[in-house]
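Architecture at a glance
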2 protein chains.
Amino acid sequence: MTVFFSVSMSLDGFIAPSSPDELMGRQWRELQAWVFPLRFFRENLKFGEGGEEGRDNDIARATFERTGASVMGRRMFDAGEHAWPEDAPFHTPVFVVTHEKRDPWERAGGTTFHFVNDGIESALEQARAAAGPRDVRIAGGGETILRFLDAGLVDEFSIALSPVLFGAGVRLFDGIDASRIALSAAGSESSPRVTHLTYTVRRR
Amino acid sequence: MTVFFSVSMSLDGFIAPSSPDELMGRQWRELQAWVFPLRFFRENLKFGEGGEEGRDNDIARATFERTGASVMGRRMFDAGEHAWPEDAPFHTPVFVVTHEKRDPWERAGGTTFHFVNDGIESALEQARAAAGPRDVRIAGGGETILRFLDAGLVDEFSIALSPVLFGAGVRLFDGIDASRIALSAAGSESSPRVTHLTYTVRRR
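The rules behind these values
Residues numbered from 1 in each chain as written. Chains lettered and ligands numbered in written order. Predicted model: local features only at pLDDT ≥ 70, side-chain atom pairs only at ≥ 80, totals over all residues. Heavy atoms only, no water. Pairing = 2+ DSSP bridges. Helix = DSSP H or I, 4+ residues; strand = E, 2+ residues; numbered from the N terminus. pLDDT = per-residue confidence, 0-100. Contact = heavy atoms within 4.5 Å. Buried area = accessible area lost by both parts, 1.4 Å probe. Salt bridge = Lys/Arg side-chain N within 4 Å of Asp/Glu carboxyl O. Polar contact = N/O pair within 3.5 Å; in protein donor to acceptor, adjacent residues only side chain to side chain. Nonpolar A, V, L, I, M, F, W, Y, C, P; charged D, E, K, R; others polar. Buried < 20%, exposed > 50% of the residue type's maximum accessible area, 1.4 Å probe, protein only. Least-squares fit on C-alpha atoms with pLDDT ≥ 70 in both. Expected span 1.5 Å × (residues − 1).

Let's shift gears to the sheet that holds strand β4 (residues 93-97) of chain A. All names here are of chain A. Strand order in the open sheet formed by 9 strands is β5-β6-β4-β3-β7-β1-β8-β11-β10, and the pairing between neighbours is mixed. Strands at the two margins of the open sheet, each flanked by one partner only, are β5 (105-106) and β10 (181-190). In terms of strand pairing, strand β3 (residues 67-73) meets β4 through 4 bridges, oriented parallel. Across the sheet, the residue bridging to Ser70 is Val94, located in β4.

Structure (structure tokens):
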């Protein structure tokens, strides 16, 4: 069972805009441009039939299918709570690391949010137990991914490197303790829209 | 005739350490780890016979062979002036953007450094004229590459993305005016040590 994360990143290292203004809207769309046309993306968000097949689609679908449970930070949950559709796009248990005490929140389609108040290791332990034979995904946001990386709890990650420069925003690896982390390239594959990079993580 | 740059970059976007301490020494070696074993690298620095062939070597050699002239910032020149061997590893004209007034400096093996006092566009114009049918490489450092990018003078670039995190240092794209630059992915190829990414650049 593998603990992993998977994000789209700009060539200059950003995974999210710093503000939702017009320029950033354009950059965000370019960052995610490889995802929107996919058949899997349309299916998963119930946008209806159609969409592109091919390797990008296979990779997005495989990332979803390997995931038995997700762990998420409070900010990502807060941003998504009113933005996700009723039928939230996870379709698995999701463990939200938060100070908020709250009963599990069950959504249509198999997503249940569980609110974990005692830290990232507890959230991971619960996610492992819930994932069965499948993997645990650290869903985000960036700060939560970094906490798991710095704690040595990530086995592997994938970056969809998009051909866009942000110049500003939320950097994936900003503030990481780089001295503790050794990476090995575990695969790469390019489509016309994006380069998929996979790395395994070891502690130094 | 293409104006390009080609650098090794860490996965978190750094091309050089911020300081030469021990940790950074290790990171720098990991950043460049794909280069040192190459037959071309050994040949070019006159380290003698041997070294690895294969795609990494072919790519390094092709980058060298397409280059008819280079442009370089003052800092890179100052750092290299006493570090490069007598037979400097460029083997072409090199135009150094500097305030220093100085006669051309001819080295063994075909490298001549020309000192350009009237700006990056003048340096580029002289490099174009000297390159003949070959391309012009913006050799570095990072600040000079960024000035050429921001001025819309770069047609294409290649990044050898190494599986290492720096956490700190000199970021390739730090401070770039991202709103003016549109990239298209023009190729990618991975070896066990590094991922070679190529992008073409358009002005927005």
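There's more to say after this.
Trans is the common state for peptide bonds, and a negative phi is the common state for residues other than glycine. All names here are of chain A. Here the amide bond leading from Gly140 into Gly141 is cis, since omega sits at -5 degrees, within 30 degrees of zero. Relative to the assigned elements, Gly141 resides in the loop between β7 (135-140) and α6 (142-150). Unlike most non-glycine residues, His91 shows phi in positive territory, near 60 degrees.

Summary statistics for chain A give a mean pLDDT of 94 and a share of 98% for residues scoring 70 or more. Under the prediction, the complex receives an ipTM of 0.93, its pTM being 0.94.

For the rest of this paragraph, the subject is the interface of chain A and chain B. Taken together, the contacts link 31 residues of chain A with 31 residues of chain B. Contact between chain A and chain B buries roughly 2500 Å² in total, counting both sides, with carbon and sulfur atoms accounting for 62%. Counting the surface chain A buries against chain B, the share from its top three residues, A:Leu11, A:Pro163 and A:Leu165, is 24%. Scanning the region where chain A abuts chain B turns up 4 salt bridges. For A:Glu30, the salt bridge identified is with B:Arg204, shortest N-O distance 2.8 Å. Inspection of the chain A/chain B interface yields 4 residue pairs in polar contact (both at pLDDT 80 or more). If you tally residues by element for the side of chain A that touches chain B, the top one is β10(A), at 5 residues. The residue makeup of the side of chain A that touches chain B, split by class, is 19 nonpolar, 6 polar and 6 charged.

The next subject is the environment of B:Arg171. Its place among the elements puts B:Arg171 in strand β9 (residues 170-171). Judged by relative accessible area, which is 18%, B:Arg171 ranks as buried. A C-alpha to C-alpha distance of 9.5 Å links B:Arg171 and B:Ser18, two positions 153 residues apart in sequence. Once residues within four sequence positions are removed from consideration, B:Arg171 is found in contact with A:Arg171, A:Asp174, B:Asp12, B:Gly13 and B:Phe14.

This part covers the pairing of strand β1 (residues 3-10) of chain A. Residues and elements named next belong to chain A. Extensive coverage of β1 is indicated by the burial of 8 of its 8 residues. Of the two faces of β1, the one holding Val3, Phe5, Val7 and Met9 and the one holding Phe4, Ser6, Ser8 and Ser10 are both buried throughout. Inspection of the sheet shows β1 paired to β7 by 2 bridges, in the parallel sense. Bridge pairing in β7 links Val3 to Val136. Pairing analysis gives 7 bridges linking β1 to strand β8 (residues 156-162), with the strands arranged parallel. If you follow Ser10 over to β8, its bridge partner there is Ser162.

So, about the relation of the copies chain A and chain B. Under the fitted operation, chain A is carried onto chain B by 0.0 Å of movement along the axis and a turn of 180 degrees, and the coordinates agree to an RMSD of 0.0 Å. The transformation relating the two chain copies, once decomposed into turn and shift, fits a two-fold axis. When each C-alpha of chain A is compared by its distance to the rotation axis, A:Gly13 comes out closest, at 3.1 Å. When the interface residues of chain A are mapped onto chain B, 100% of them are again interface residues, pointing to one common binding face.

What follows is about helix α5 (residues 120-131) of chain B. All names here are of chain B. Between the first and last C-alpha of α5 there are 16 Å, a value that for 12 residues agrees with the 16 Å anticipated at 1.5 Å per step. Within the span of α5, buried status applies to Ile120, Ser122, Ala123, Leu124, Ala127 and Ala131. Buried positions along α5 lie against β1 (3-10), β3 (67-73), β4 (93-97), β6 (112-116), β7 (135-140) and α6 (142-150). Just beyond α5, the residue with positive phi is Gly132, at close to 60 degrees.

This brings us to the pattern of salt bridges. Residue and element names in this part refer to chain A. Tallied over the entire structure, the rule returns 35 salt bridges over all chains. Here Glu43 and Arg39 are joined by a salt bridge, their closest N and O atoms 3.7 Å apart. Of this pair, Glu43 and Arg39 both sit in helix α2 (residues 39-44), separated by 4 residues, roughly a single helical turn. The class of Glu43 is partly exposed, set by a relative accessible area of 36%. The residue Asp135 makes a salt bridge to Arg66 at a minimum N-O spacing of 3.0 Å. On the criterion of sequence distance, the pair formed by Asp135 in strand β7 and Arg66 in helix α3 (residues 55-66) is long-range, its members being 69 residues apart. Of the residues examined, Arg66 reaches a relative accessible area of 22% and is grouped as partly exposed. Three or more residues are tied together by salt bridges with common partners; here these are Arg39, Glu43, Glu49, Glu53 and Arg61.

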